[in-house]
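Okay, here's what each chain looks like letter by letter:
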Amino acid sequence: MSTSAPSLLLSGEQLDRRLEELLQQKRFSPPAHFAATARGRGAAPDVLAESDQAAFWAEQARTLHWDTPFASVLDESNPPFYTWFADGTLNVSYNCLDRHVLAGHGDRVAFHWAGEEGEQRAITYAELLRDVQRFANALKRLGVGKGDIVGIYLPMIPEVVVAMLACARIGAPHNVVFGGFAPEAVKDRMKVSAAKVLVTADGGRRKGKTMPVKAAYDAAGELDSLEHIVVVRHVGIDVPMRPGRDVFYDEILAAADDVCPAHPMEAEHPLFILYSSGSTAKPKGIVHTTGGYLTGVSSTHKLVFDLDSERDVFWCTADVGWVTGHSYIVYGPLCNGATSVMFEGAPDYPHRGIWWELIERYGVTVFYTAPTAIRACMKWGAEEPNVHDLSTLRVLGSVGEPINPKAWLWYHVVVGRERCPIVDTWWQTETGQIMISPVPGHTETKPGSACQALPGVVADVVDEKTGESVVQGQGLLVLKRPWPAMLRTLYGEDERYVKTYWSRFGPETYVVGDAAIRDQDGSLWIVGRIDDVINVSGHRLSTAEVESVIMTHAKVAEAAVVAQSDASTGQAIVAFVILRGELEGTPELEAEIREHVARYIGKISRPKCIVWIDELPKTNSAKIMRRLLRDIMEGRPLGDVTTLSDPAAMADLARRVAAAQ
Ligand code: WT7
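Below is a short write-up of the structure. Note that this is a predicted model, so its numbers are computed, not measured.

The next thing to look at is the packing of helix 4 (residues 92-105) against helix 5 (residues 125-141). Remark: helix 4 packs on helix 5, axes separated minimally by 9 Å, with the N-to-C direction vectors making an angle of 140°. The orientation of helix 4 relative to helix 5 falls into the category oblique. As helix 4 packs across helix 5, the resulting crossing turns out to be left-handed. Contacts between helix 4 and helix 5 pair Cys-96, Leu-97, Asp-98, His-100, Val-101 and His-105 from the former with Tyr-125, Ala-126, Leu-128, Leu-129 and Val-132 from the latter.

As structure tokens, then:
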């Protein structure tokens with residue numbers, strides 16, 4: 001606890017009154033003290049002529065270290081298979097580590113790591129470089145070469161960064177799977193990507209509990225393609241090790257040589273695959289490459305967070321297993337030589353003030369989190385942040401889902417103390433980098449709006465039928481020019497790549513999958529997904545994937561999953577389930593099915609509630625009418641039910657929903 005916390009902090013009724021007052025304000029100019037020195041102060045994102053987009057990115061790319069400078073910037077000869085800087089070569093780990101150490105910054109802290117039980121470790125750039133070289137050598141000895149896929153399934157510990165950069169150093173694309181996913185889901189992702197090696201841990205910790213990770217993975221069954229499993233000893237539990245296949249991380253690291261030269265990679269060499277949910281049960285293997293990705297994440301990390309590596313302490317609270325962690329914990333910050341915080345735990349363990357305590361301890365200047373977390377903190381009360389000195393904070397970021405104005409204002413008043421610009425950053429796993437966001441010190445912000453496309457990005461809102469621009473109003477969000485960190489394809493599925501993103505309005509318009517509103521000033525407001533993707537706490541989940549897992553439960557005959565608005569998680573999963581034969585829905589069975597989903601996909605996919613039904617509303621052509629299920633869950637009047645095969649069933653359904661709530 002701090003004694004130097006400012007005294008004029010609001011809570012209770014005073015805070016409520018201030019929030020009410022600001023709710024009327026609607027627009028927030030960059031604070032004068034900030035605007036005068038900000039990186040983005042001269043930025044005029046809206047005036048870049050279209051022809052200048054590629055030139056703009058080329059200029060950004062030249063801030064990296066290239067082993068072979070590129071002559072070709074953007075190749076548009078085979079849309080939508082665009083390439084960036086294709087004749088150049090570079091190494092991502094060289095750019096993230098060696099470059100800074102050679103410039104004399106080896107002693108700079110790359111990560112202040114905070115463990116769940118209060119452990120602290122500071123890892124410098126020089127230490128990170130040493131471990132990355134050793135682990136790269138160890139991977140080579142395990143037979144990993146350029147182009148081989150390495151799976152990574154680790155908690156939020158520094159070794160996850162070492163593993164990712166070691167892969168980058170030798171050109172082995174990594175496939176990181178979120179540590180909260182179930183072993184079955186991990187195995188599935190290893191299988192489809194034909195991973196050769198998996199790097200995992202003995203166990204993980206969550207809110208004081210220890211769970212086995214390696215043993216649980218083993219229990220999910222064998223995988224032929226997997227030649228080795230590397231086990232990081234993190235929690236110190238016993239692990240079953242199969243001789244010849246399984247090795248301990250610390251042992252192979254100790255045995256490895258200290259020097260592993262960073263081999264230049266072609267700019268279009270794949271850096272990683274990251275699986276993300278789409279509207280079908282099959283996850284999409286999103287492929288990102290080397291030169292364009294690093295250009296996109298490093299330049300947006302500097303611009304959007306006004307980053308100065310000499311001064312700032314950056315903290316992105318995401319998990320490394322999501323794209324936010326890839327781009328803004330690992331690659332962007334390290335490429336920029338920044339000092340970051342990495343926290344293993346949850347925001348409410350060991351207590352609900354832990355985030356604010358860490359901000360105070362490390363002097364965090366830039367803080368980047370998700371609306372769902374802000375809403376949880378709001379619920380816990382301003383008293384938690386108010387007892388800490390948060391005066392080092394300069395910029396606050398939000399990502400993952402639309403942020404409601406109330407949460408935006410709470411963030412602004414209670415965390416930012418009305419001094420810090422908020423950047424509401426819109427992007428996706430597919431875009432790799434932030435695309436739409438205010439530029440701090442430059443953009444006038446509006447609570448709930450992501451504002452405008454960044455320089456070099458051309459976003460538009462278009463009519464869903466004609467594809468014409470909507471000057472003011474709602475439509476589909478699209479991206480009209482290629483950008484460097486764009487996905488290059490879906491792993492092994494070029495056709496699906498074209499069909500999913502580039503078919504609706506032709507191969508030059510990327511269809512994002514979100515609806516958006518453009519207001520009278522041209523600011524963009526993201527409305528939400530238009531496909532069967534549910535956004536729970538900023539995590540993208542596919543209805544189809546959850547449905548297919550529920551249907552593998554022995555007692556289930558049929559299931560349909562929809563999203564329902566939820567005050568804390570944004571959206572929640574509701575499952576409509578038809579049981580087999582004469583079985584009755586009971587609370588025990590509900591718990592069993594929810595656990596079944598948690599076990600096969602992960603806890604984040606666990607339905608909030610289950611509604612037992614005898615029949616699903618279907619069209620005459622036997623398609624489930626999810627729109628009706630959504631309307632019922634939201635308490636909306638039911639739209640057109642004339643295409644329904646049995647309209648009378650709806651009244652019964654509404655009764656059951658009321659009973660389940
Ligand atoms: C989807 C992408 C980008 C990292 C986290 C999620 C939604 C993301 C915002 C925002 C409104 C947002 C969109 C998008 N989304 N950021 N600032 N405002 N919606 O990555 O899992 O690939 O999900 O998240 O619906 O399409 P993702």
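On we go from here.
This paragraph deals with the site of the ligand. Contacts to the ligand come from 17 residues, most closely from Asp-424, Thr-425, Thr-429, Arg-529 and Arg-540. Interatomic distance of 3.4 Å between a backbone N/O atom of Glu-401 and a nitrogen atom of the ligand. Within the contact set of the ligand, a nitrogen atom lies 3.5 Å away from a backbone nitrogen or oxygen of Pro-402. Protein contacts shield 95% of the accessible area of the ligand, which totals 550 Å² for the unbound molecule. Listing elements by their share of the shell around the ligand, those giving two or more residues are helix 11 (323-335), strand 20 (422-425) and strand 25 (524-529). For the shell around the ligand, the class distribution of residues is 6 nonpolar, 6 polar and 5 charged.

All chains considered together, the criterion is met by 51 salt bridges. Of the charged contacts in the structure, one is a salt bridge between Arg-481 and Glu-76, with a shortest N-O distance of 3.1 Å. Taken together, the positions of Arg-481 in the loop between strand 22 (473-479) and strand 23 (489-490) and Glu-76 in the loop between strand 1 (74-75) and strand 2 (83-84) put the pair 405 residues apart, joining distant regions of the chain. For Glu-76, a relative accessible area of 37% corresponds to the partly exposed category. The residue Arg-205 makes a salt bridge to Glu-119 at a minimum N-O spacing of 2.8 Å. Placement of the pair is Arg-205 in strand 9 (residues 203-206) and Glu-119 in the loop between strand 4 (109-114) and strand 5 (120-124), with a sequence separation of 86 residues. By relative accessible area, which is 17% here, Arg-205 ends up buried. We classify Glu-119 as partly exposed; its relative accessible area is 29%. Within the structure, one salt-bridge network assembled from shared partners comprises Lys-214, Asp-218, Glu-222, Arg-242, Arg-245 and Asp-246.

Here we come to the pairing of strand 28 (residues 556-566). Summarising burial for strand 28: 8 of the 11 residues are buried, a large majority. Bridging between strand 28 and strand 29 (residues 570-579) involves 10 bridges; their strand directions are antiparallel. From the neighbouring strand, Glu-558 faces strand 29, where its bridge partner is Ile-578. Counting the residues in the hairpin turn of strand 28 and strand 29 gives 3 residues.

Each value, and the rule that gives it
- Residues numbered from 1 in each chain as written.
- Predicted model: local features only at pLDDT ≥ 70, side-chain atom pairs only at ≥ 80, totals over all residues.
- Heavy atoms only, no water.
- Axes fitted to C-alpha atoms, helices over the stretch in contact; angles between N-to-C directions.
- Helix = DSSP H or I, 4+ residues; strand = E, 2+ residues; numbered from the N terminus.
- Parallel < 35°, antiparallel > 145°, perpendicular 65-115°, else oblique.
- Left-handed = near helix turned anticlockwise from the far one by under 90°.
- Contact = heavy atoms within 4.5 Å.
- Near = heavy atom within 4 Å.
- Polar contact = N/O pair within 3.5 Å; in protein donor to acceptor, adjacent residues only side chain to side chain.
- Areas by Shrake-Rupley, 256 points an atom, 1.4 Å probe, with all protein chains shown as cover.
- Nonpolar A, V, L, I, M, F, W, Y, C, P; charged D, E, K, R; others polar.
- Salt bridge = Lys/Arg side-chain N within 4 Å of Asp/Glu carboxyl O.
- Buried < 20%, exposed > 50% of the residue type's maximum accessible area, 1.4 Å probe, protein only.
- Pairing = 2+ DSSP bridges.

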